[in-house]
Structure formats: C-alpha cells, structure tokens
Amino acid sequence: MPILWLILIVSAIAAVGYVLGRARALQSAGGDSRNLHSLPSFYGANVTLKTLVPAVGLLIVWLLAQPFFVNSQVSGMIPESAIKEGSSRSLVMAEVRRTAFGLDNAVAQGNLTESAASDAQVDVVDVTQRLKDAGQVVTSDITQPVLRAAQSYRAMSSTGYTMMSVAVLVVALIGAAIGWLQTNADYRARNVVEKGVGVLLLAAASIAILTTVGIVLSLIFNTWEFFKLYPASEFFFGMTWAPSFSGRGGLSELGIIPLLWGTLYISIVALLVAVPIGLFAAIYLSEYASPRLRSVAKPLLEVLAGIPTIVYGLFALLTVGPLLLDIFGDSGLGWMKAGTAVMTAGLVMGIMLIPFVSSLSDDIINAVPQAMRDGSYGLGATQSETIRQVVLPAALPGIVGAILLAASRAIGETMIVVLGAGAAARLSLNPFEAMTTVTAKIVSQLTGDADFASPEALVAFALGMTLFILTLGLNVFALYIVRKYREQYE
Amino acid sequence: MTDASMQSPETGRHGVSLTAADEHTKKRAKAEKRFRAYGIAAIATGLFFLVVLFTSILSQGIPAFQRTVVSVDFTLNEPQRDEAEGTLFKTKAYSNLFIAQLNQELAESGISVDFDEAAIERLLGKVGGTIRTYYADNPDKLGEPVNFDLAASSRVDGYFKGRVSRDTMQDSRFLQKSDLDLVDALEEAGIIKQAFNWPFITGADSGVDNPGGAGIGASVVGSFFMMLVVLGLSLPIGVAASIYLEEFAPQNRFTDLIEVNISNLAAVPSIVFGILGLAVFIQFMHLPQSAPLVGGLVLTLMTLPTIIISTRASLKAVPPSIRDAALGVGASKMQAVFHHVLPLAAPGILTGTIIGLAQALGETAPLLLIGMVGFVARGYPDGFLAGFTEPNSAMPAQIYTWASRADVGFYEKAWGGIIILLMFLLTMNIIAIILRRRFERRW
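Residues numbered from 1 in each chain as written. Chains lettered and ligands numbered in written order. Predicted model: local features only at pLDDT ≥ 70, side-chain atom pairs only at ≥ 80, totals over all residues.

Q: How would you explain the overall build of chain B if you had to name every residue and give the values?
A: Each helix and strand counted, chain B has 20 helices and three strands in total. Against the globule reference of 22 Å for 443 residues, chain B gives a C-alpha radius of gyration of 33 Å, more extended than a compact globule. Expressed along its principal axes, the backbone C-alpha trace of chain B runs to roughly 120 × 80 × 40 Å. Residues classed as buried in chain B amount to 42% of the 443 residues present. (Helix = DSSP H or I, 4+ residues; strand = E, 2+ residues; numbered from the N terminus. Rg over C-alpha atoms; globule rule 2.2 N^0.38 Å. Buried ≥ 20, exposed ≤ 12 C-beta atoms within 10 Å, placed from the backbone.)

Q: Give me the overall build of chain A: which residues, what numbers.
A: From N to C terminus, chain A includes 17 helices and two strands. Buried positions account for 44% of the 490 residues belonging to chain A.

Q: Outline the domain arrangement of chain B, supporting the account with residue identities and numerical values.
A: Splitting chain B by domain gives domain 1 (65–196) and domain 2 (217–439). With centres defined by C-alpha atoms, the gap from domain 1 of chain B to domain 2 of chain B works out at 47 Å. (Domains from an automatic or database assignment.)

Q: Hey, could you go over the sheet that holds strand β2 (residues 145–151) of chain B for me, with residue numbers and the actual values?
A: Residue and element names in this part refer to chain B. On the basis of which strands lie adjacent, the open sheet formed by three strands has the order β2-β1-β3 and antiparallel pairing. Of all the strands in the sheet, just β2 and β3 (192–196) have a single pairing partner and so form its edges. When the angles between neighbouring strand axes are averaged without regard to direction, this sheet yields 45 degrees. (Pairing = 2+ DSSP bridges. Axes fitted to C-alpha atoms, helices over the stretch in contact; angles between N-to-C directions.)

Q: How would you summarise the nonpolar core if you had to cite specific residues and measurements?
A: Counting 190 residues, the largest nonpolar core has Leu314, Val348, Val357 and Ala406 of chain A as its most contacted members. Looking at this core, the element that brings in the most residues is helix α9 (residues 257–288) of chain A, giving 17 residues. Not counting residues up to four positions away in its chain, the partners in contact with Val357 of chain A are Ala274, Val275, Gly278, Leu279, Ala402, Ile403 and Ala406 of chain A. In this structure, Tyr94, Ala151, Leu175 and Ile192 of chain B belong to the second largest nonpolar core, which totals 25 residues. (Core = buried A, V, L, I, M, F, W, Y, C linked by C-beta atoms within 7 Å. Contact = placed C-beta atoms within 7 Å.)

Q: Report on the interface of chain A and chain B, specifying residues and quantitative values.
A: With 71 residues of chain A at the interface, the matching set in chain B holds 66 residues. Among the elements that line the side of chain A that touches chain B, the one with the most residues is helix α7 (residues 189–229) of chain A, at 20 residues. Residue composition of the side of chain A that touches chain B, grouped by class: 47 nonpolar, 21 polar and three charged. (Nonpolar A, V, L, I, M, F, W, Y, C, P; charged D, E, K, R; others polar.)

Q: So, the packing of helix α3 (residues 23–61) of chain B against helix α20 (residues 409–439) of chain B: which residues are in play, and what are the values?
A: Residues and elements named next belong to chain B. In the contact formed by α3 and α20, the axes pass within 8 Å of each other and the chain directions differ by 120 degrees. Here α3 lies oblique to α20, going by the angle between them. The element α3 and its partner α20 pack so that their crossing is left-handed. Note on element contacts: α20 touches α3 through Glu412, Trp415, Gly416, Ile418 and Ile419, opposite Ile57, Gln60 and Gly61. (Parallel < 35°, antiparallel > 145°, perpendicular 65-115°, else oblique. Left-handed = near helix turned anticlockwise from the far one by under 90°.)

Q: Quick one: what's the story with the domain arrangement of chain A, residue by residue and with numbers?
A: All names here are of chain A. By the assigned domains, chain A splits into domain 1 (3–187), domain 2 (192–226) and domain 3 (253–488). Domain 2 puts six residues into the contact, and the matching count from domain 3 is eight residues. Considering only residue class, the side of domain 2 that touches domain 3 consists of three nonpolar, two polar and one charged.

Q: Talk me through the environment of Gly214 of chain A; I want residue IDs and the actual numbers.
A: Relative to the assigned elements, Gly214 of chain A resides in helix α7. Residue class for Gly214 of chain A comes out partly exposed when judged on the 19 C-beta atoms lying within 10 Å of it. In sequence terms Gly214 of chain A and Val368 of chain A are 154 residues apart; their C-alpha atoms lie 40 Å from each other. Other than its neighbours up to four places away in sequence, Gly214 of chain A contacts Leu276 and Val280 of chain B.

Q: Describe in detail the confidence of the model for chain B, supporting the description with residues and values.
A: All names here are of chain B. Per-residue pLDDT for chain B averages 84, and the proportion of residues at 70 or more is 96%. Contacts of residues 4–11 to residues separated by more than four positions or lying in other chains number two contacts, the stretch itself having pLDDT below 50. Prediction confidence for the complex, expressed as pTM and ipTM, is 0.86 and 0.86 respectively. (pLDDT = per-residue confidence, 0-100.)

Q: An account of helix α19 (residues 395–403) of chain B is needed here, citing residue identities and associated values.
A: Within α19 of chain B, nine of the nine residues are buried, leaving the element largely enclosed by the surrounding structure. Among the residues making up α19 of chain B, those that are buried are Met395, Pro396, Ala397, Gln398, Ile399, Tyr400, Thr401, Trp402 and Ala403 of chain B. In this structure, the buried residues of α19 of chain B make contact with α11 (309–328) and α15 (415–420) of chain A together with α11 (217–248), α16 (333–362), α17 (365–369) and α20 of chain B.

Q: Would you mind going over the pairing of strand β1 (residues 66–75) of chain B in detail, with residue names and values included?
A: Residue and element names in this part refer to chain B. Of the pairings in the sheet, the one linking β1 to β3 comprises five bridges and is antiparallel in character. By the bridge assignment, Val69 is partnered in β3 with Lys193. Pairing of β1 with β2 involves seven bridges; the strand directions are antiparallel. Along β2, the bridge assignment pairs Thr75 with Pro145.

Q: Explain the packing of helix α2 (residues 40–77) of chain A against helix α6 (residues 144–182) of chain A to me, and be specific about the residues and the numbers.
A: Residue and element names in this part refer to chain A. Where α2 meets α6, the axes come as close as 8 Å, and the angle between the chain directions of the two elements is 165 degrees. It follows that α2 is roughly antiparallel to α6 by the angle criterion. Classified by chirality, the crossing of α6 by α2 is right-handed. Its residues assigned to classes, the contact of α2 with α6 comprises 20 nonpolar, nine polar and one charged.

Q: Could you give an account of helix α9 (residues 177–188) of chain B, naming the residues involved and the relevant values?
A: All names here are of chain B. Relative to the 16 Å expected for twelve residues at 1.5 Å per residue, α9 spans 17 Å between its end C-alpha atoms, a close match to the ideal helical length. All of the buried residues along α9 are Asp179, Leu182, Val183 and Leu186. The buried residues of α9 occupy one face: seen down the axis, they fall within an arc of 105 degrees. Looking at the packing, one finds that the buried side of α9 touches β1, α6 (117–124), α8 (154–161) and β3. (Expected span 1.5 Å × (residues − 1). Arc of directions from axis to C-beta.)

Q: Which residues make up the environment of Arg378 of chain B, and what values do they have?
A: Residue and element names in this part refer to chain B. Position of Arg378 relative to the elements: it lies in the loop between α17 and α18 (386–389). Spatially, the C-alpha atom of Arg378 lies 5.2 Å from that of Asp205, the residues being 173 residues apart in sequence. Apart from residues lying up to four places away in sequence, Arg378 is in contact with Ala204 and Asp205.

Q: Summarise the environment of Gly387 of chain B; cite the residues concerned and give the values.
A: Residues and elements named next belong to chain B. Locating Gly387 in the fold gives a position in helix α18. You can call Gly387 buried: it has 20 C-beta atoms within 10 Å. Sequence separation between Gly387 and Ala118 is 269 residues; the distance between their C-alpha atoms is 41 Å. The contacts of Gly387, once residues within four sequence positions are left out, are Val221, Phe225, Pro292 and Pro381.

Listed below in structure tokens is the structure:
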C-alpha cells in the first residue's frame, strides 16, 4: 500500500473520530453543550490527536528504521566470496539495492512476472537481460549472490511495508477507540488537547537542535572514519593536495593548507572589494542621502544580496573571467593564464558581499545616538569630521562584527569558487593564478565516483568539519561583538 | 571679567574677516567634499556592478529564447511512403524525399545552390528519422501538406546569433564553410528563420553533444516538487516552533539552547547542509539519490531558521492588548494564540515564507552533494507521487550542469535558465511585497 494512501486512511480515521468524539460528548451531556467541561470541538480534537500522533509517529520511526534494519540483515547474507577484490561490502550492497529497485520497476512495467522476480532458482542471465530490456540501470552483470540478496531485500522490504501498514492502522484505530471511550461530559478535554498541542509545538522547536546534532554527528562520524584511514597530522599540516583518482591506485596527499590558503586569499580579495564600497555606501546612505535617494538606492543595493549564488558563479566564469583575461592575460599584461583565478572569484564574491556589509553597517551607524553627533557639531566639527572621529569610532565594534559576518559568508561560499576559482590547489601569492578552496573541494570530492568509504571521499567530511568550526567560530564571535555593542547604547 | 569680554574675535584671528575662508577652513571644506564624493562613488560602483550583472544576463540569455528553424512544407503520399518503407535504408529514403522537396522550394524562389545529404545532416540532424516517426504516428496526414519546423543544429544557430562566423570557423564534421552558403540561400528564400524557442521552456535536458535540444522544463518541475516539500514541511514546523518560542517557552536553558541553535543554523554555510543531507538522508536512510524529496528535505532544514526568524518578528508585532483582551473574555492561552494572534500575524508569516522559499529556490550548493547535478533530466516525472521520488534536476542544478559542460552552446542555455530562475524569484518577491503592502497593519 503506498504511503500516501496510508496517510489518507489514517487522516480519514482521525476525521471520523473527530465527528464521533464530538457527538459522544454532546450525547453524554444530554445535547446541551453547557453541561460539558470543554467546548464540543475539544472532545473531537482529543480523539483526532490520539489517532494521528501515535500513528504518524510510528510511521515516521518505521520508515527511518526499516531500511537500516533490512540493509544490515541482507548485508549479512552476502558471502565473503561474493565481494570482489578492491570492492567492499557497502559497494555490493549498493548494487543489491539497485538490483532490487530494478526488479521492482521491471515487475511494474510487466517485463518480469512477480513470481520470476522472487524465484530463487531463476536464471541470472535471463533476469539481467530482462532488466536491461526494461530500461533499468544495471551496472555490471549481476552475480548469483547479488540477485539472491536483492530478492530477499525485496521480500523483506515488502513484508516490512505490509507490517508497517497494518501496525500504523491498528495504532490509529486503538488511539481513536481510546479517545472515544474516554469521552464523557466531565472529561477535561481542553486541558488534554492544549497540553498535547503544547508538546507538538515544543517538538517543532526542537528540530533546530536536531538539525545541529545531525550536522555535528554526521561530520564527526565521517571525520573519525577518515582519520582512521589517513593520519590527522598530515591532513592538518600537509602542504600538498593531490588526491589520487579512484581505481587508479597510488597514495593520495590530502593536506588542507593549500585549500585554506586559497579560501583565505579569495576571502581577503572579496573583503577588499566589499568593505570599502559597502562601508562608504552605508555612511553616505545613513548620514548624507536624502530620504528619496535612500529609498531607491538601498533596495537596489540589496537586490545584489537576493541574487542566487549560481548566477554570480556564472557571471564569474563567463563575464568577469574573460574580461580580466583580456586585461591581464597574454594579450594584455601577461599575468594571467586562464579566466578562472583568485581575482575573478574574489571580485565577484566582493560584489555579492557589498549589501551584507552595507546593510549591517547602516543599521549600526543608525544606532549611534544623535546626541553624539550634535555634540560634535556643537564643537564646530564638519559632518565628515564628525563621522570619522565620532560616529565611526563609536560604531567600530559593530562594523567589525559586520565584516566578520561577511568574512564567514565568504569562507562558506561555494558556487562562485566552484565556477570561478579553478580546480588546482596551490600555495602562491599571485592573485591571477587559479586556486581552490575548502568548499570547492568538498564538492569535487563528493560528486566524483569515489567510493564513500575511501579516504578521497571521506576527506570531504573532514573539510566540512573544518569549515563548520571556522564559520561557527566567526559567527559566534561576530554576534557576540554586535550584541555587546548594541547593549552599550540601549 | 571685563578682560575677557574685551577680547574680540578679530584679534584672535589676526585681523582676518570671518566671512573669508582661510587655508585651514578651505582644507576642511575640501575634505568634506572628498568624503561625500567617496560615498557617492561607493554607491555608484555598487549600482554599476548591478547594471553590469543584469546587462550580461540579459544580453547573453535572451538569445536562448530564440531558435533557428528550417520551416518546410512537406507532402508525402501513400505510394511514396510505401516505396520508402520498402527500401533497405528507410530514413535515407525519407531524407532524399525531403531534399527533393527542399530543392523544389529553392527553385521556386529562384535560388540555386548545390548541397548534398551530408550537408543537410550537418544542418538539421537526422531529418529522415524525424519525418518517418511523424508519419508513423500520424498516418492520416499522408497526402496533405504538412509544415515541418526542424530545429537547426546549434552551430547554425550560432551563425545566426553571431557566435559562429565565416571567418573564424573551421571545417569540422559538425559544420563546413560550404554549408553556410546553403544557410544563406535558405535564409534568402525565407525557409530558415528565427522563432521563439518553446522547446527551451517546455523541454527536458539533452545529451552533452546537443545544446540545441536542451530545455529547462523538466528541471522547473523538479524545482516545483522540491518547493512543495519545503513549503509543506517548513511552514507548519516553522510556525509551530515560532509560536512555542514566542508565546509559550519558559525562560530556561533549553529555550536558550534552541535560540542559539536557530541563530547559528541561519549562518551555517549551505554546503554543510548538503553534507548533512548526503550523510543522513542518502547514506543512512537510503532515500533515492537526486530525488526532489531529498532536495526538499535539505532545503527545508536550511529555510527553517529564515522562516522562524521572520515569523517570530510578526508574532512579536501583534500588540499584547490583543492577547490580554482574548484572555479577559475567558479564552485559554492556546485559544488566544490560535484564534487571535496567529490570524493577525498571518500576512507577515506568509511574506517571510515566500522570501524563504525564494532563497531555497535559488540555492545550488547542497543540491550538488545529493546528486541532483550529475543527473540528466531527460523527461518529466510519470505522476504526482513519482515527482517526489524519481530522480530529477532542479533549476539551479540544471544551470550548473550546463555551465560545466564543454560545448559553448550550453552557456547560452545557462544564461537563459538564469533569466527564467530570476523571473520566478522576482515574481515571488513581488507577491511578498504586495502582500506586505496590502495587509500590513501598524498598531
């Protein structure tokens, strides 16, 4: 039974439960709702909640747990001999899942009968051919153990889903029955329902914590795996980044230093573009501009922040890169070899960051009390002297916070560097050379065809961990500064 | 005392009039002007970048909405078809018929140019196959004149758009200089022309060697399903979380922990969410790769902080007197919130949600990691439910795929895709602004 139907049926039970619960409450009060403890609708809602919450909860838990369970069961069935040299159990399992999925689709399309798909004695060659006829992606020729495993995978999955459907429906019915039986005129339905809703609200708020826990756990777990395969000291202090491609053999050198250098260099270029422009724009908009200019220029600058990063990436790759190459390339000054370079990515990222710097600084400059300006004018200072010597020093901590936030954005930015910075990891001072960053390498290590269990793929998690800690540290520090500064004038 | 009042300013300034600016004052006035000029220059530079960005998007993207077609009236009668079906190379027979027809039309226009079958194949691809499938599907059209709009190859298209020119091109198996004579002749006869590129908007992605046939339609559908997931999950969860934090949460450590988490999640780089999606949804839970469902889940986690922050702001904007009044007439806290505060905050919540969705729609980096990029979306999903679980692409992922392909013809598609993406974002933002203008209440 498809899950959608299951959900619809449970919802239908809940809806019927609402009507019945409400009716039972009214009946027990003799048809006069004034005799009830709560409003009639609360009695209905009580039944609905007791139907939906346990049933949907069970459904979610089951959906999460079943693939995990089936996977470990089937994985244990694959004999050691079926795992080829250079392969791993997880790769074979991936193939088993693919085959099982293919069998499902082939049955659905009618290329294979249900009995043939689940028959353990079936001819492997024939099934493979039929799968290919059905347009299913089957990588290599399926071996006997893989087919056997795929068949039991299918069988276990389908019994699992049947059991799940039955269990969910039973739980829903039991919940509805309990809710309905509880219902009588003195039942404190409102208190129960409101408590239940309160718990649901709390659960929703806790998802933020769950997400953070999920991020941290998935990073730590995989980073740990990586450090089991590759020494941590070489990762943190290695000066070369040269992953070997999967299957070609050879040892990879996975030092993070060149990537960190590329990240920092590009971020610095970006900040050199964004900070002066953003800061002066913020000063002008908050101190000099007429309300009309401000109402036009501020939203226009903020458009720059609303443009997706893929657009900036393409802009770097196809417009800015070739433009810089014309000026600094072989036909011009001869400093640049290709359109993708630190300068290209940094410049475009700087454009993207202008509104971050300007909006945040604008808020902060506006928060400086007017009395401080008036005092300065009263002493005879000009407007620019006031800004430079009174307003900016007063706003400085906040502006530093804003710049740190922008820096954290720059470090975590992905699309611009993937498209605009190049792929070669190197330690160089020339801003017209291609370099690469932590984020770009996370993408390239995880989108290749490397095995998930190899150090070449797992290194991405260690990179992600580094990135996460780096940006988190910057953010916490920046927010601390900004908050502290705000309190000063409140 | 008298001494002090006796001193006049003139003596302090050595007899110089106050109205005439001295050196120092002039310097200060100049510094003031310079400072202002820096500000104006900064704003002008920012706006200049904006203009450059948009001109390059528009100038390079608009050609993607034009395509070059060869429009030929073609008539095939039954004996001709039977004869063609009887030969050994059936598509060749059809393309010979097509060439004869083309020759005839050229002759009618009084233009004569030499060309062979290979040239037609370079210009139009496998014409015979197209015609044969058409008549196999529509046997009733036999004997009637049918207008075929055949898409020209991407290099011919580039010739019309200025990407390929006679001087710089080199003969290859894709296009030869002599073919351009034929193209010019066809243009003179009005057979080859530019038309609006509907297949780009409605079509699916093509293989790596066929930029002309690539369309963005399938990935728009993929994005649509992703946004459905994001909306369906992040709106209820986000609103529930905000109500809890704003209205019910006690002041304790746990609440603080939630608040810190939300503000930090809002600043976590999007690629980290991609890693989370890869590790949890694909590695651990074995959800299908490249599926809009997984993309939607990842983007939901990313959008939640945005929606929670804006929802809390609009809940906070509802004055406490509303809550007090509700409580005063006997409503419970829950009733006061759900019956009174929430409806009043709804426009603000909706605006925040739309802006959050717009952000999610343009997000690319997490999609790279969950496999929406390597996948070539060749068709539409089979049905509503399949739309969530079948592998598909999404708009930004599709644009990235095109940008990283080797053939220059795809760059035009990438820019065109960006125009479509930006149009969606613009529409969403305009709706948000209208909602805010129309329903915003100042208390």
